[in-house]
Amino acid sequence: MLLFPYLVDVNETETREFITESLKKSGWQLHKNMRYEYKITDGRVHINDDDEVVREKALYADYLLFAPNGKPLAVVEAKRAAQLEGTGIQQAINYAKLLDAPFALSSNGLSFEFYCLATARQETFDMESFPTQKELWERYCTNQNYNSEQIEIVEKPYYNDADGREPRYYQRIVIDRVVEAFARGQKRMMFVMATGTGKTYTAFQILYRLLQSSKSSNMRILYLADRNVLIDQTMLQDFKPFGKKMVKIEQRSADQSHEIFMSLYQQLVEYNLPAGAPQPYEQFNKDFFDIIMVDECHRGSAKANSEWRKILDYFSSATQIGMTATPRDDQDANSSNIGYFGEPLYTYSLKQGIQDGFLAPYRITQVFINVDTDGYRLNDSEAASIEDKKGGDFVFQKDLPRIVGIEDHYLVAAKRITDMLEEIGPMTKTIVFCDEEIDAAHMRKALIQYNQQRQVE
C-alpha cells in the first residue's frame, strides 16, 4: 500500500523535483557539490556508409554528488513514483563503479535506497533524512581507515580552471587513486592511460593537489621525460598554472630554489664522463626530491641496466609515479615497468576510450612492401656505410630499421598514409605507431619529405 497515493502517476522527471528538493535541504548545492544530468561519456563514434560521423547516446547519471575535494562521492538515480525505491539501485551501483564513487542511491520520490560499495551495506532513508556531504565524506574516510594526516592530504581540491575545464571521469579516478596512495605512503606507483586521453593534464592535477597539503612544505618535484617536446609543451600548456614554481633543467643544471624541476633524462646523465666524475644528477642530494613523475615510463627508465634507471635509483627515497600508455610485464623483472612501479593503480585502455567516445575509432590499413615480407640483401654501397656488414649480406625484416633504414621503404609508407588522409580529411588527427624509436625517426622524416614534395608538385 502506498503512503502517498497521489504520487502514483508522477513520472520520472517529476520525481526528480522531489529528489532535488530533498538534496537541497541536506545542503547539496547545484554546480558546487552536486551535478544534475552528469555526462559520464560522450558516446561511441561510428562512421556510417556515407562516411558521416554518428555518435551513440552519451551516458548520464541523474545526479552526481561530490566530496569536498571534488571526488565523485555518490550517484543518485531517479525512478517513477509507482516503482519501488530500489528499482534503480543496480543502475546507480553500475554508474558508481564506473566513476569510482563509494556510494549509490536510488529514489522514487518517496524514499531513498542507499548502497555502500565498500561494505555492501544497504539502507533506506526517508526524503527528509538524506545524508549531508560531511556525513558521506566522513563515512567514506572511515571505510578507508584514514587517519587525520591522511585525510588532510586527500581532502585537498582539484585545480579550478577558469575556462571551466574539468577532469573526465577516468582522469578523476587516476588523480584520486594516486593522491590516496601517496597519503598511505606508497612509494612506487603507475597509471596507464591510452595515447590521447590526457595523461599530462592528469599529472598536473595530481601534483597540484599534493602541493596543497601541509606535507608539501618544501616539497620538490622532478618531472622526467625523454623528449624536449614533452617538456616544453607540458610547461606551456597543462603545467602553465604552476608558473614560476617550475624550472627547466638546461645545460645540466638548474636553480635549486624552485619546487618543480622539468628535465630530460639526457640533462641528468652524461655518457662520456671520466672515471669517478660525478653525474649531473649528483648535483642534487639523494633526498632532494620528494616526488618523481616519470612520463612515458615504458621507454627505458625502468630497465635495471639503463643509464636512465640510475636517476631513479639515486633518488630512491622519493615517491616515484610512472605514467604510460603501454605497460610492460616482461618475465624479466629488470625490464618491466610493472616490475618496477607495481601493478597499475588504474588502466584506461584504448578500447575503453573508443567505447566511451573520447577517442575516435581507428581503421587498420596494411601495406606489404617486398622488403617487409622477404627481407633485404645489401649492395656494396649500402654495406660500406654499415659497420660489420659487406655486400651480399642478408638483413631480416625485424632488423631493417635498426641496420639499414631504407629510405624508399619509409617513403612508400608515407605515401600510403598521406593518400589515406586525403580520403578521410587531410587535417584529421592521426597517430603513426612504429616498432622502434629509430623507425619513428625515419617515418617522421619520410612524411615531411613526401608532403614537401607534394606541395612543390
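The structure contained in this document is the topic of the report that follows.

Scoring rules and cut-offs
- Residues numbered from 1 in each chain as written.
- Predicted model: local features only at pLDDT ≥ 70, side-chain atom pairs only at ≥ 80, totals over all residues.
- Heavy atoms only, no water.
- Helix = DSSP H or I, 4+ residues; strand = E, 2+ residues; numbered from the N terminus.
- Buried < 20%, exposed > 50% of the residue type's maximum accessible area, 1.4 Å probe, protein only.
- Lys, Arg positive; Asp, Glu negative; His and termini not counted.
- Salt bridge = Lys/Arg side-chain N within 4 Å of Asp/Glu carboxyl O.
- Polar contact = N/O pair within 3.5 Å; in protein donor to acceptor, adjacent residues only side chain to side chain.
- Contact = heavy atoms within 4.5 Å.
- Pairing = 2+ DSSP bridges.
- Axes fitted to C-alpha atoms, helices over the stretch in contact; angles between N-to-C directions.
- Phe/Tyr/Trp six-rings, centres within 6.5 Å; stacked < 30°, edge-to-face > 60°.
- Lys NZ or Arg CZ within 6 Å of the ring centre and 35° of its normal.

Here Asp356 is to be found in helix α10 (residues 350-356). For the buried Asp356, which has no salt bridge, the nearest side chain bearing the opposite charge is Arg168, at an N-O separation of 8.6 Å. A polar contact of 2.5 Å, which involves the side chain of Asp356, links it to the side chain of Tyr169. Excluding residues within four positions of it along the chain, Asp356 makes contact with Thr41, Asp42, Gly43, Arg44, Tyr169 and Tyr348.

The parallel open sheet is built from seven strands, whose spatial order is β11-β12-β10-β13-β14-β9-β15. Each having just a single partner strand, β11 (246-248) and β15 (347-348) make up the two edges of the open sheet. As judged from the three bridges shared by β11 and strand β12 (residues 260-264), these two strands associate in the parallel manner. Following the sheet pairing, Met246 is matched in β12 by Ile260. Running at roughly 175 degrees to strand β9 (residues 188-193), helix α5 (residues 169-183) makes contact with β9, β13 (291-294), β14 (319-324) and β15 of the sheet.

So, about the packing of aromatic side chains. Here a ring pair, both rings aromatic, is described through the centre-centre distance and the interplanar angle of the planes. Within the structure shown, the criterion is met by 29 aromatic pairs. With a centroid separation of 6.1 Å and 70 degrees between ring planes, the pair formed by Tyr38 and Phe66 is classed as edge-to-face. Taken together, the positions of Tyr38 in strand β1 (residues 34-39) and Phe66 in strand β4 (residues 60-66) put the pair 28 residues apart, joining distant regions of the chain. We note that Tyr38, like Phe66, is buried. When the ring of Tyr140 is compared with that of Tyr146, the centres are 6.3 Å apart and the planes differ by 70 degrees; the resulting orientation is edge-to-face. The pair Tyr140 / Tyr146 is uniform in exposure class, with both members buried. An aromatic cluster of three or more residues is present, and its members are Phe261, Tyr281, Phe284, Phe288, Phe289, Tyr314 and Phe315. When the ring centre of Tyr158 is taken as origin, the NZ or CZ atom of Arg172, which lies over that ring, is 5.2 Å away. When the ring centre of Tyr158 is taken as reference, the NZ or CZ atom of Arg209 above it lies at 4.8 Å.

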